[in-house]
Amino acid sequence: MPWQREDEARVQCYPSSGSFLLRVAGYVLIAAGVLVILLCVPYWAWLALVGAGLILLGLMLVRK
């Protein structure tokens, strides 16, 4: 039948490192990046982002 697959679907697996230290270092770098962004972006930019989010939320509510 035309809608059934004859062959197997190909699946790609990403390699995961088994090193615990590399995983911890990755989490530390992510936390440091978030901290730098939170501390270096001025408050008015955060307020603008919250305002844009409120506008989008309002548009989604109006369309429902």
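Here's a quick rundown of the structure.

A separate point is the overall build of the protein. The helix and strand inventory of the protein stands at two helices and zero strands. A burial count over the protein gives 0% of its 64 residues as buried. For the protein, the exposed area adds up to about 6,700 Å²; of that, 72% sits on carbon and sulfur atoms.

Spanning 21 residues, helix α2 (residues 43–63) covers 30 Å between terminal C-alpha atoms, matching the ideal 30 Å at 1.5 Å per step. Little of α2 sits out of view: just zero of its 21 residues are buried.

Here we come to a nonpolar patch on the surface. Taken together, the side chains of Tyr27, Ile30, Val34, Leu35, Ile37, Leu38, Leu39, Trp46 and Leu49 define a hydrophobic patch exposed on the protein surface, amounting to about 950 Å² of accessible area. Taken together, the elements giving at least two residues each to the nonpolar patch come down to α1 (20–40) and α2. Ranked by residue count, the leading element in the nonpolar patch is α1, at seven residues.

Calculation notes
- Residues numbered from 1 in each chain as written.
- Predicted model: local features only at pLDDT ≥ 70, side-chain atom pairs only at ≥ 80, totals over all residues.
- Heavy atoms only, no water.
- Helix = DSSP H or I, 4+ residues; strand = E, 2+ residues; numbered from the N terminus.
- Buried < 20%, exposed > 50% of the residue type's maximum accessible area, 1.4 Å probe, protein only.
- Areas by Shrake-Rupley, 256 points an atom, 1.4 Å probe, with all protein chains shown as cover.
- Expected span 1.5 Å × (residues − 1).
- Patch = residues over 30% accessible without salt bridge, like charges linked within 9 Å, V, L, I, M, F, W, Y side chains within 5 Å.
- Salt bridge = Lys/Arg side-chain N within 4 Å of Asp/Glu carboxyl O.

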